[in-house]
Amino acid sequence: MKSNQFVIIGLGRFGSSLGRELVELGVEVLGVDRDEEKVQEMSHILTHTVVADATEEESLRSIGVRNFDCGVVAIGDDIQASILATILLKEFGVKQVVAKAVSDLHGRVLERLGVDRIIYPERDMGIRVAHQLVSPNLLDYIELSPTYTIAELTVPECLTGKSLAQVNPRGKYGCSVVAINKPQGIVIAPTADDRLEKKDVLVVIGTNEQIEEFQAAIRG
Ligand code: ATP
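Note that this is a predicted model, so its numbers are computed, not measured.

Q: Any chance you could explain the sheet that holds strand β8 (residues 148–154) here in plain terms?
A: Think of a sheet as strands paired side by side through backbone hydrogen bonds, with each pair either parallel or antiparallel. If you walk across this open sheet you meet the 5 strands as β7-β8-β11-β9-β10, and the pairing is antiparallel. If you trace the sheet from one side to the other, it starts and ends with β7 (138–143) and β10 (185–188), each paired once. In this sheet, adjacent strand axes meet at a mean angle of 20° when their direction is disregarded. With 5 bridges joining them, β7 and β8 adopt antiparallel strand pairing.

Q: Explanation requested: the site of the ligand in the structure shown.
A: Within the structure, the ligand sits among 20 residues, and Arg 13, Phe 14, Asp 33, Asp 53 and Lys 100 are positioned closest to it. Between an oxygen atom of the ligand and a side-chain N or O atom of Lys 38, the distance comes to 3.1 Å. In this structure, Asp 53 approaches the ligand through a side-chain N or O atom, which is 2.9 Å from a nitrogen atom. By residue class, the composition of the shell around the ligand is 7 nonpolar, 4 polar and 9 charged.

Q: Any chance you could explain the pairing of β10 here in plain terms?
A: Walk down a regular strand and you will see the side chains alternate between the two sheet faces. In this structure, strand β9 (residues 176–182) lies alongside β10, joined through 4 bridges in antiparallel fashion. Its bridge partner lying in β10, Ala 179 is registered against Ile 188.

Q: Which parts of the structure should I look at to understand the pattern of salt bridges?
A: A side chain of one charge can pair with a side chain of the opposite charge when the charged atoms of the two come close. In this structure the tally under the stated criterion is 9 salt bridges. Ionic pairing is found between Glu 58 and Arg 61, a salt bridge with its closest N-O pair at 3.0 Å. Placement of both Glu 58 and Arg 61 in helix α3 (residues 57–63) is noted, with a separation of 3 residues, approximately one turn of the helix. Residue class for Glu 58 comes out exposed when judged on its relative accessible area of 52%. Linking Glu 197 and Lys 182 is a salt bridge whose minimum nitrogen-to-oxygen distance equals 2.9 Å. Of the two residues, Glu 197 is situated in the loop between β10 and β11 (201–207) and Lys 182 in strand β9; the sequence distance between them amounts to 15 residues. Using a relative accessible area of 10% as the deciding quantity, one classes Lys 182 as buried. One salt-bridge network, held together by shared partners, links Glu 57, Glu 58 and Arg 61.

Q: Would you explain the sheet that holds strand β1 (residues 5–9) in this entry?
A: Read from one edge to the other, the open sheet built from 6 strands follows the order β3-β2-β1-β4-β5-β6, with strand pairing classed as parallel. The sheet terminates laterally at β3 (48–51) and β6 (117–119), the two strands that pair on one side only. The sheet shows a mean angle of 15° between the axes of neighbouring strands, taken without regard to direction. Relative to strand β5 (residues 96–100), strand β4 (residues 70–73) runs parallel, the two being bridged by 4 bridges. Bridging across to β5, Gly 71 finds its partner in Val 97. Across the sheet, helix α4 (residues 79–91) is in contact with β1, β4 and β5; its angle to β4 comes to roughly 170°.

Q: How should the side chain of Lys 100 be read in this particular structure?
A: Topologically, Lys 100 is positioned in strand β5. There is no salt bridge for the buried Lys 100, and the closest opposite charge comes from Glu 122, which lies 4.3 Å off by N-O distance. Excluding anything up to four places from it in sequence, Lys 100 contacts Phe 14, Val 73, Ala 74, Ile 75, Gly 76, Ser 82, His 106, Leu 110, Ile 119, Pro 121 and Glu 122.

The rules behind each value
Residues numbered from 1 in each chain as written. Predicted model: local features only at pLDDT ≥ 70, side-chain atom pairs only at ≥ 80, totals over all residues. Heavy atoms only, no water. Pairing = 2+ DSSP bridges. Helix = DSSP H or I, 4+ residues; strand = E, 2+ residues; numbered from the N terminus. Axes fitted to C-alpha atoms, helices over the stretch in contact; angles between N-to-C directions. Near = heavy atom within 4 Å. Polar contact = N/O pair within 3.5 Å; in protein donor to acceptor, adjacent residues only side chain to side chain. Nonpolar A, V, L, I, M, F, W, Y, C, P; charged D, E, K, R; others polar. Salt bridge = Lys/Arg side-chain N within 4 Å of Asp/Glu carboxyl O. Buried < 20%, exposed > 50% of the residue type's maximum accessible area, 1.4 Å probe, protein only. Contact = heavy atoms within 4.5 Å. Lys, Arg positive; Asp, Glu negative; His and termini not counted.

Take a look at the structure:
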């Protein structure tokens, strides 16, 4: 389902950055915060902004939150407010409800409330940065399952000028290069003859172990 109208409850660092990016992506965003200053700061960036306490049913009703495809509860510190706002969005029938959790317990409560997606920004960013720090070639990754990952790896000096057949990630490590992102454009499903150049980024799919072995081998 593609959502086109978002309501974000809480315009702290997370909520405001999310809202800004959503607007950049061309969707309509209503930002709600009980703090007038936060609303003022975002009023020229988001499509609509309103000062309201999201724990008050009447306020959310008058804003018309039921008409939104997706509601994001971006309140962290005040867990009670986060839970109440989440319950209200669910009760108003917002199709997709996303909420930010600041702890495992907070996340478990949100899960019980039937939240469609729970985000742990600090925890997830910590994990991501740790992976990137221990693996200098790793730009980004997506965990497809507990076992399989897609990783974006920079091409080190030792691989420049070599063809995929020479590097042979599948034969040597079991992982496959599904794309090569080159400055001049992306090559999807590259062939054995495709050559790697300095600024290329490899998009590799495999088990976590296979990708780790490949990364270790190309670290130089
Ligand atoms: P961040 O890390 O994103 O800055 P945070 O985890 O520190 O946020 P809070 O500061 O608790 O989270 O909340 C983020 C925003 O949510 C704040 O701007 C705050 O004013 C707003 N907020 C908190 N409670 C409510 C509420 N009941 N109704 C509307 N907005 C609220």
